[in-house]
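Here's the letter readout for the chains.
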Amino acid sequence: MASLRTVRTMCPMNCHPTLCGMLADVEDGKLVGVRGDPDNPDSRGFLCIRGQAAREIIGNPGRLLHPMRRTARSGSWQRTTWEDALDRIAGRARAVGPAALGTWSGHGFFANDYGTRVSSELLRRFSNLYGCQWWNPMIICWGLGAFGLGLTGALRVSTKEDMGAHAALIVLWGANLASQPNTGRYLTAAKRRGAYVVTVDVRRSEASAQSDETLLIRPGTDAALALGMMQVIVAERRHDAGFVAHHTVGFDALAAHLAKHDVAWAAATTGVQGERIASLARRYASTKPAMVLLGGSSMHKGAQGWQGARAVACLPALTGNFGIPGGGLGPRHGAATHGQGLSSIAARDRRPPGDYVPNQMPRITEALAGGRVRVLLLFGTDMLSSFADAGGVGRALERLELLATYDLFMHDTARRYADVILPATAWLEDTGCKSTNTHLYLMPKALEPAGEARPPIWVLRELARRLDVRDFFPWQHDSGPLDAILDHPATGHATVAALRSEGGIRPLHVSHVAYPDLKFDTPSGKIEFFSERAARLGLPALPAFESAPRSEYPLELRSGRTLTQFHGFYDHGRALPTLAAADPEPRLWISSDDAARRTLRDGEEIRIFNGRGEMRARAFVTDRVPSGTVWMRDGWEGLNTLTSGGPVLPDAAVDLFEFSSGQAEFEAHVEVEATAS
């Protein structure tokens, strides 16, 4: 008789801060279906198209199931054994030495432990104990925007639940509900209470449909809009003088600075009418509590992107919105709530002195191109689609003596540059644990690994054994690393066994309101309008805006998320039939005016190009983007050949905080034309 059981787990798509509960039905050792978990307190049964498509990972004919190798990168793949594959990697690693070995992971490596970061911590531990290069996964994600927030002192966020219950004004500043579908429920609850919702973005995104008004700004001008709003608030004395006096640093310097950033300047810079900027500033200052949900990644990809976060974070301080229910900054990608935390097993204090390449995207590319790093191990990441200046990255990868990738599916980097493929386990094939801003969720093993796939712990232990990395795994059981990481007051010192006995769900000991004690993440303990740390790094001490250099290419290209795609794993969704069918080819959003100037028709095949490269796509003519801006879902092959890849911050600044901010500049001005028929 068939044996059907239901396993409570989490979706493997990692759409933080939206992490959805999932029920997986397993019959006779096979997955027969997935659905939303109605008892999950974060998602309450919701599971979007991405989560539903996760069913297609298991049993997928394109899944990597065996170690493979090839003797030439233009040659065919040959099946091999784990012993041979790992021996080959270890042999080359020993030959070049630790300083010439690089390790880097992406979101595909965290499918089973996003928020608890077990796999990432183990890889970092391996790299620290061995003394090889290790680069922070956050350099491609939210770290650059968080750098600006950190300088101001506002890294922690309030929860979606707090927003839904208390916020009277909600500003979705670059925050797209395609990235935060679980936030939508609470946005609706706030609107039922009468909350006013504003979207600020470079296009009319899914969030616009839920908003009372949308301000479309020129890409990269977020700081200018925030400065213009602050100028109105201060000039009209709408700021909270008591909060400013007791809980901020540098107000007088900021006030003098704002005199150069009036509404006329902000309007000319952002493309938003001055009356609308002034109106939003007055509404924000007079409506309390007001909460800003700041975009997590896409809005920070320009050269001045971090300055947008730096300036926006000043607004709640000017108006006394920090530390109160419904105010301050709301959920965003990568952020933690007040009190949220974990322990570390990364052995940072045991990293030997060495010649380490900074956590800085362009420095990594230079190290690969110049032979400083000769062997590269990638875990759950498609480097070509993650890094800016993909053309330069590709030329650098060609120079490697060996590239090995551990993943579920082939992707651009593996197809073009890998020498060794290691098959990874899927989320149901290993025990894991995820953390949202409010809860811990156990993800029990429900299936045996497909083919010869092996979990991260096994792979790293085998590499450590071959390279004589001592004390890499001092635990008695595979649950040891997770238990050590969860041993923190925020989790109630949870363990795998305890979570299992509790049904796999435990609330975190956190505050739903960020900074209830009004002690901020700065040396002064106050919000710093004027930052001495920034000045010491050679950066502007006050929030600033600097115009981008003029380009010979007239259209400014930006990219972001959609409901069908999030991150580079599963070959950017191409490997999953549901997602591939829903989003079959790249489409470039272009305004009616810009299309007409180029005699482009909706649906026409086009060529997008600049001096760095080109890609093919199809025109999507729409008035949801303003003239001069074009937009595309990220992850398409060729998109990052158009982006610049230049450094944004000085090397000394990128590791100022616990996370890393070494993202390159993803600036791309382009031209578009119809392809020859």
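Provided above is the structure to which this section pertains.
*Asks:* How should I be thinking about the overall build of the protein chain in this particular structure?
*Replies:* Within the protein chain, the secondary structure is distributed over 24 helices and 26 strands. For 677 residues, the compact-globule estimate of 2.2 N^0.38 gives 26 Å, and the protein chain sits close to it at 24 Å. Structurally, the protein chain occupies a C-alpha span of about 70 × 60 × 55 Å along its principal axes. The buried share of the protein chain, reckoned over its 677 residues, is 64%. Within the protein chain, contacts between residues at least 6 apart in sequence are counted, and of these 76% link residues at least 24 apart. Element-wise, carbon and sulfur atoms account for 49% of the exposed surface of the protein chain, whose accessible area totals about 24000 Å². Each charge class in the protein chain can be summarised by its mean position, and for the 74 positive and 71 negative side chains these summaries are 1 Å apart.

*Asks:* Looking at this model, I keep getting lost on helix α3 (residues 118-130). Mind explaining?
*Replies:* Since the α-helix advances by 3.6 residues per turn, residues separated by three or four positions end up pointing in the same direction. The end-to-end C-alpha distance of α3 is 18 Å, a good match for the 18 Å that 13 residues give at a rise of 1.5 Å each. Among the 13 residues of α3, 13 are classified as buried, and the element is accordingly described as predominantly covered. Within two residues after α3, Gly131 carries a phi angle of roughly 80°, on the positive side.

*Asks:* Would you take a moment to explain the environment of Thr199 for this structure?
*Replies:* When you line up the elements, Thr199 lands in strand β9 (residues 196-201). Separated by 105 residues in the primary sequence, Thr199 and Arg94 have C-alpha atoms spaced 53 Å apart. Sequence-distant contacts of Thr199, that is, excluding residues within four places in its chain, are made with Leu172, Ala207, Ser208, Ser211, Glu213, Thr214 and Leu215. Within the structure, the side chain of Thr199 is placed 2.7 Å from the side chain of Ser211, a separation counted as a polar contact.

*Asks:* Mind showing me how you'd approach the packing of aromatic side chains here?
*Replies:* To describe a pair of aromatic rings, you give the distance between the ring centres and the angle between the ring planes. Enumeration over the complete set of coordinates arrives at 22 aromatic pairs. Both rings, one in Tyr515 and one in Phe520, keep their centres 4.8 Å apart while their planes meet at 40°; by these two values the pair is tilted. For the pair shown, Tyr515 and Phe520 are each scored as buried. Ring pairing ties together the aromatic residues Phe126, Tyr130, Phe472, Phe473 and Trp475, which thus form one cluster. Over the face of the ring belonging to Trp631 we find Arg203, whose NZ or CZ atom lies 3.6 Å from the ring centre. The ring of Tyr196 carries the charged tip of Arg283 above its face, separated from the ring centre by 3.5 Å.

*Asks:* What is the right way to look at helix α9 (residues 251-258) in this model?
*Replies:* Buried within α9 we find Phe251, Leu254, His257 and Leu258. Down the axis of α9, the buried side of the element spans an arc of 120°, and every buried residue falls inside it. Those residues of α9 that are exposed and angled more than 90 degrees off the buried face are Asp252 and Ala256. Taken together, the buried residues of α9 touch α7 (222-235), α8 (241-247), β11 (248-249) and α13 (314-318).

*Asks:* Even after reading the chapter, I still don't get the pairing of strand β23 (residues 605-609), so can you show me in this structure?
*Replies:* Regular strands show a simple pattern: their side chains alternate between the two faces of the sheet. For β23 and strand β24 (residues 614-621), the ladder comprises five bridges, and the chain directions are antiparallel. For Glu605, the partnering residue across the bridge sits in β24 and is Arg618. The turn joining β23 and β24, which pair antiparallel and follow one another in sequence, is formed by four residues. One ladder, built from four bridges, connects β23 with strand β26 (residues 669-674); its direction is antiparallel. The partner of Arg607 across the bridge, within β26, is Glu673.

*Asks:* So what exactly am I meant to see when it comes to the pattern of salt bridges here?
*Replies:* Opposite charge on two side chains permits them to pair, given that their charged atoms come into close proximity. Scanning all chains against the criterion turns up 46 salt bridges. Glu502 is paired through a salt bridge with Arg506; the nearest N and O atoms lie 2.5 Å apart. Residue Arg506 is classed as buried on the basis of its relative accessible area of 13%. Here Glu671 and Arg598 are joined by a salt bridge, their closest N and O atoms 2.6 Å apart. Residue Glu671 is located in strand β26, and its partner Arg598 is located in the loop between α24 (592-597) and β23; the two are separated by 73 residues in the primary sequence. An identical accessibility class is assigned to Glu671 and Arg598; each is buried. Overlapping salt bridges, with partners in common, bring together Glu83, Asp87, Glu462, Arg465 and Arg466 in one network.

*Asks:* Hey, could you run me through the sheet that holds strand β19 (residues 505-507) in this one?
*Replies:* What holds strands together in a sheet is hydrogen bonding between their backbones, with the strands either parallel or antiparallel. The three strands are arranged β17-β18-β19 in an open sheet whose pairing can be described as antiparallel. At either end of the open sheet lies a strand with only one pairing partner, and these are β17 (432-435) and β19. Sheet twist, expressed as the average angle between the axes of neighbouring strands with direction ignored, equals 20°. Sheet topology places strand β18 (residues 439-443) next to β19; three bridges connect them, and they run antiparallel. Among the inter-strand pairings, Tyr441 is bridged to a residue of β19, identified as Ile505.

*Asks:* Mind showing me how you'd approach the nonpolar core here?
*Replies:* In globular proteins that are soluble, nonpolar side chains generally tend to be buried together. Ranked by internal contacts, the top residues of the largest apolar core, which has 193 residues, are Trp173, Met383, Leu397 and Trp427. In terms of residue count, α7 provides more of this core than any other element does, ten residues in total.

*Asks:* Got a minute to help me understand unusual backbone geometry in this structure?
*Replies:* The general pattern is negative phi for most residues beyond glycine and trans for most peptide bonds. The linkage connecting Lys288 with the following residue, Pro289, adopts the cis geometry, with an omega of 0°. With respect to the element layout, Pro289 can be found in the loop between α11 (274-286) and β12 (290-294). Look at His572: it is not a glycine, yet its phi comes out positive at around 55°. Relative to the assigned elements, His572 resides in helix α22 (residues 569-572).

*Asks:* Teacher, can you tell me more about the sheet that holds strand β1 (residues 4-10) here?
*Replies:* Spatial ordering of the open sheet is given by β1-β2-β3, a layout of three strands whose pairing is antiparallel. Sheet topology places β1 and β3 (30-36) at the edges, where each strand pairs with a single neighbour. Put simply, the sheet's adjacent strands are angled 25° from each other on average, direction ignored. Bridge count between strand β2 (residues 21-27) and β3: six bridges; the pairing is antiparallel. Counted as the bridge partner of Asp25 is Gly33 from β3.

Definitions and cut-offs
Residues numbered from 1 in each chain as written. Predicted model: local features only at pLDDT ≥ 70, side-chain atom pairs only at ≥ 80, totals over all residues. Heavy atoms only, no water. Helix = DSSP H or I, 4+ residues; strand = E, 2+ residues; numbered from the N terminus. Rg over C-alpha atoms; globule rule 2.2 N^0.38 Å. Buried < 20%, exposed > 50% of the residue type's maximum accessible area, 1.4 Å probe, protein only. Contact = heavy atoms within 4.5 Å. Areas by Shrake-Rupley, 256 points an atom, 1.4 Å probe, with all protein chains shown as cover. Lys, Arg positive; Asp, Glu negative; His and termini not counted. Charge placed at Lys NZ, Arg CZ, Asp CG, Glu CD. Expected span 1.5 Å × (residues − 1). Polar contact = N/O pair within 3.5 Å; in protein donor to acceptor, adjacent residues only side chain to side chain. Phe/Tyr/Trp six-rings, centres within 6.5 Å; stacked < 30°, edge-to-face > 60°. Lys NZ or Arg CZ within 6 Å of the ring centre and 35° of its normal. Arc of directions from axis to C-beta. Pairing = 2+ DSSP bridges. Salt bridge = Lys/Arg side-chain N within 4 Å of Asp/Glu carboxyl O. Axes fitted to C-alpha atoms, helices over the stretch in contact; angles between N-to-C directions. Core = buried A, V, L, I, M, F, W, Y, C linked by side-chain atoms within 4.5 Å.

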